[in-house]
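Observations on the model geometry
Listed below, chain by chain, are the residues.
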Amino acid sequence: QAALFVSAAARPFVVRLLVRKRRASASAMLAAGVILAGLAPWAAWAGDALLHELDSDRAPDASVFPRVTRHRLPPALSKVQGPKATNKFWANWVVSRGEHGPIFPMPYALKWRAKGACAAAEMTISHGTPQYEYGGVAGPGRITKISTPFVSELSLGAVEELAPGHHTIVREGLFGVHVQVRGLPANSNRKVTYPVFSGMAYVSGRYENLRPRISAQPRAMLALDKVRPGVWAYRHNGGREFRVYVLTENGAFADDSFNFDQEGRLNKPLDGWVRAAAVNGPSDAAALDEHAGSVLVNMELDVESSGVVRYRFQAHPAGAPILHFAFAHHMKMLSNGSQLSAAVAPSQTPTKGNMRAVVGSTWTLKVDTDEASQLDFLPPGEPRADRKRFLRDEALGTLDWFLKGVNWRTTMFKGSYYFSGKGFQKVAMVCLLVEKFFGAQHGKTQRCAGLLAHGFKCLYNRAAAGDCTGAPVGSYYDEDWGGVPSRQGFHDVGCEGGADFGNACYNDHHYHFGYFVVSAAILAKLMPAYAQDHAFVAYINDLIRDTANPSSNDPFFPRFRHFDWFALHSWSRGVVPSGDGKDQESTSEEVNLLYGLFLWGRARNDAKMQQLGSTMLALCSMTLQEFFLMKNSNPHYPAAFVQNHVTGIFFQNKLDYTTWFGTKKEFIHGIQMLPLTPALFLSRKAEFCQQEWSDIVSKLPLPPWDPWTSVLLTGSLALVSADAAYGRLAVMDPGSVDDGLTRAYALYWAATARAPDEDAPMFGARCMAGAFDAPHDAPAGFWGPRTIAAVASAALALIVALLGTAAYCKALKRRRRQASGGTGRSPTPLRSSPDAFSPAAVGSA
């Protein structure tokens, strides 16, 4: 990173030297050209890095976010300084109430077993098989729930008694943590440190002056046989086999003097590593042995424009390639630099099918961002001419209703962040329609935008805003975790879900705040002055910092609270512990936040934010198609579950075809469709919508007075038969549509999102062509923007170097002529000549 920074910073000065400083010597010109040639590719790549700083040196305004401590569920088991992750897979182990629960780094699940006074004496590994529950809301013969019981397979512990108390998180990143358990005496250097990362192929413990112990409890260990020095074969009475390794501190296999006894106890203290990995196939053992000496201790992330994402694995010892497990969507995006380890059998996960082993020091993932980058504020295409007048009048009539009395306020202010956010975006989409039909500067458009401006002022400057009745009560800045949780429920049990869906405990921030980010982008589009309004921009940036912060140097907020850069989608659950890990219910509301990042960057001419938003949208949309929105051909789940077409609540360890607020199919499917934005088309492809409509949604009653009908007609039927959706929406009462939708926008959506079987310009046809249909082994395109920029810069540098060489030669030739009358070799060293590097020489060159 330092090299990238220096190269990018140095290039303007080198160019200035060449272009402006005509006193520069030919040799300096030559040297500068060489420097440019070396820096050019790096600087071209540096300009594409999207993980940028976002107000990271600015503390949240205390008048908007008063500072508090003593969160209801504080980070009691962490020594990490500064802001801490709340929605990552290890969060159970950060709060006291969750320390005895499992975590799911995949493909393994991990759990602590207490021994004596130590609550974390042994790290227990589970690698179970999913079980299915049939019937229920899914119907006869269909699976309604998939879950994997935690079954202890093997445990890593110590022979000695460990210090009383708990484990401690001592290091945290985007992909995992280091967890530590101390020996006795508590202030000694005796300890075990476990690096735990998403996708890890081995469970590893770094022992310092302790005797490791392997346990099978509550099972019976049948074998712990030494294969060769440092390598053992483990088997328990459940039939599961593991490979166990003892390594020196430097990653070499321990010598033959180390042995386990029949109780799994190592015969002497170890200053090194113990590793365990499940054997799933006949050739696994050899492949696992080959890579056992390369221990994963850290993972870093790079995100670049044009859809390039890199995972950089830090190994111990440094530089060794890592054996690591990848999900199916990783395999589709892996370009080059890593290779599939065919010798390692697929590893079953609880909810995402099989993982495959990949070997490499870096993974380069490439996703197509073209479709995401072309998104606009409204769906593309134009309504038919005979509908435009009606749609214009409908939009204007809806705005007039908002402007009547306090209707705008009762629409936008619902008390909670979630329902208020839906109201903001509801109004904002009508503002876009009015702009569409009347223009941005029309008085009606500006009055509509003024409603948004008033509403936002109630959130960041209530004292000066005027009437804010019903607005959310506001948020705190929480110094314990580093975030802006709602004041509603912060001090009571409402934090855990009863108040605003648990916003105070970091549930659903990406849902809630996504509505405000999209609405803010629309306001900045319609009233461009707001794109530069300090208080307004600071408020929206703080919502983004809270939910999707790209900065690694922000002392106030963690990076990417919700988005899991290994799973490539978000998790909704905050710090409230769960025995099934993190979960997400509404994929479409996650999409809404990412769409908001894209629009906010566009509205503020922030190219990095816009590109980060489009990249995350593309990644998330691919993930949703892979695991959440199931076509009939989905390979990851049994056919009896795929027939449901949506997963319901997606836990790390469980798929539950239901919702948190009810079991009706209207809820289960509709919650994947709202709010309606053009970004939905990235994941809700027409083929999927056809299958979901035919198999599930078309068989529901869908009465015109049910608000869910408006969601299901727009989010599903409109991509199957747009005219049919338009006709059914047109007869609905405007007061019967969903509380985050207007009939005006629903009709516009249906009028423009034409289905593939209808002869009109359509977005649906483009949706039919998947953005991710490249072959799984297709390499990333070479001639991307970064490559072109690097080659162009290198070419410029080469030209400068050649010009410098010409100037050098010309000056040398002149000096020789002066010294010898025009012939022969100069007897005087060139460096002594006062005019050899004259401005004239360089200038003529």
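Treat the numbers as computed from the prediction; the structure is a model and nothing was measured.

Looking now at the pattern of salt bridges. By the definition in use, this model includes 40 salt bridges. A salt bridge links Asp-289 to Arg-243; the nearest nitrogen and oxygen atoms lie 2.9 Å apart. Remark: Arg-243 occurs in strand β14 (residues 241-248) and Asp-289 occurs in helix α3 (residues 284-291); sequence separation between them is 46 residues. Arg-243 gets classed as buried once you look at its relative accessible area, which sits at 11%.

Turning our eyes to something else, we now look at the packing of aromatic side chains. Under the criterion given, the structure shown has 47 aromatic pairs. Between Tyr-417 and Phe-513, the aromatic rings sit 5.5 Å apart at their centres with planes inclined by 90 degrees, giving edge-to-face as the arrangement. Pair noted here: Tyr-417 is in helix α8 (residues 417-438) and Phe-513 is in helix α11 (residues 509-526), with a separation of 96 residues, a long-range link. For the pair Tyr-417 and Phe-513, a shared accessibility class is recorded, and that class is buried. When the ring centre of Phe-627 is taken as reference, the NZ or CZ atom of Lys-352 above it lies at 5.9 Å. Over the ring of Phe-651 we find Lys-654; its NZ or CZ atom is 4.7 Å from the centre of that ring.

Time to look at the state of the cysteines. Under the criterion given, the structure shown has 3 disulfides. Residue Cys-458 pairs covalently with Cys-468 via a disulfide, S to S 2.0 Å. A torsion of -85 degrees about the S-S bond marks the disulfide between Cys-458 and Cys-468 as left-handed. With Cys-458 in helix α9 (residues 443-460) and Cys-468 in the loop between α10 (462-465) and β23 (477-478), this pair connects stretches of sequence that are 10 residues apart. With respect to burial, Cys-458 and Cys-468 carry one shared label: buried. Paired through a disulfide, Cys-495 and Cys-505 show a sulfur-sulfur distance of 1.9 Å. Disulfide Cys-495-Cys-505: torsion about the S-S bond near 110 degrees, hence right-handed. Note that Cys-495 is positioned in the loop between β23 and α11 and Cys-505 in the loop between β23 and α11, a separation of 10 residues in sequence. The buried category is assigned to Cys-495, whose relative accessible area is 0%. The cystine pairing of the chain, numbering bonded cysteines in sequence order, is 1-2, 3-4, 5-6.

Here 6 bridges tie strand β2 (residues 109-115) to strand β3 (residues 118-126), and the two strands are oriented antiparallel to one another. Bridge assignment links Leu-110 to a residue of β3, and that residue is Ile-125. Counting the residues in the hairpin turn of β2 and β3 gives 2 residues, including Gly-116, whose phi is positive at 60 degrees.

This part covers the sheet that holds β14. Pairing is antiparallel in the open sheet, where 8 strands are placed in the order β7-β8-β9-β10-β15-β14-β13-β12. Because the sheet does not close on itself, it has two edges, and the strands there are β7 (168-172) and β12 (221-228). Taken pair by pair, the neighbouring strands of this sheet meet at an average axis angle of 20 degrees, ignoring direction. Looking at chain direction, β14 and strand β15 (residues 270-279) are connected through 8 bridges and run antiparallel. Bridge pairing in β15 places Tyr-245 opposite Arg-275.

This brings us to the pairing of β7. When β7 meets strand β8 (residues 176-182), the two strands line up antiparallel, connected through 4 bridges. Paired with Glu-172 across the bridge in β8 is Val-177. Counted between consecutive antiparallel strands, the loop separating β7 from β8 contains 3 residues.

Right, let's get into helix α20 (residues 743-752). Across the 10 residues that make up α20, a large majority, 10, are buried. Residues Arg-743, Ala-744, Tyr-745, Ala-746, Leu-747, Tyr-748, Trp-749, Ala-750, Ala-751 and Thr-752 constitute the buried set of α20. Residues of α20 that are buried in the fold lie against α6 (385-403), α8, α18 (707-715) and α19 (722-730).

Relative to each other, α9 and α11 sit at 135 degrees, their axes nearing to 10 Å. The angle between α9 and α11 falls in the class oblique. In the crossing of α9 with α11, the sense of the turn from one axis to the other is left-handed. Along its contact with α9, which presents Thr-445, Gln-446, Ala-449, Leu-452, Ala-453, Phe-456 and Leu-459, the element α11 presents Phe-516, Ser-519, Ala-520, Ile-522, Leu-523 and Leu-526.

So, how was this worked out
Residues numbered from 1 in each chain as written. Predicted model: local features only at pLDDT ≥ 70, side-chain atom pairs only at ≥ 80, totals over all residues. Heavy atoms only, no water. Salt bridge = Lys/Arg side-chain N within 4 Å of Asp/Glu carboxyl O. Helix = DSSP H or I, 4+ residues; strand = E, 2+ residues; numbered from the N terminus. Buried < 20%, exposed > 50% of the residue type's maximum accessible area, 1.4 Å probe, protein only. Phe/Tyr/Trp six-rings, centres within 6.5 Å; stacked < 30°, edge-to-face > 60°. Lys NZ or Arg CZ within 6 Å of the ring centre and 35° of its normal. Disulfide = S-S within 2.5 Å. Pairing = 2+ DSSP bridges. Axes fitted to C-alpha atoms, helices over the stretch in contact; angles between N-to-C directions. Contact = heavy atoms within 4.5 Å. Parallel < 35°, antiparallel > 145°, perpendicular 65-115°, else oblique. Left-handed = near helix turned anticlockwise from the far one by under 90°.

Don't take any of this as a statement about function, it's just geometry.
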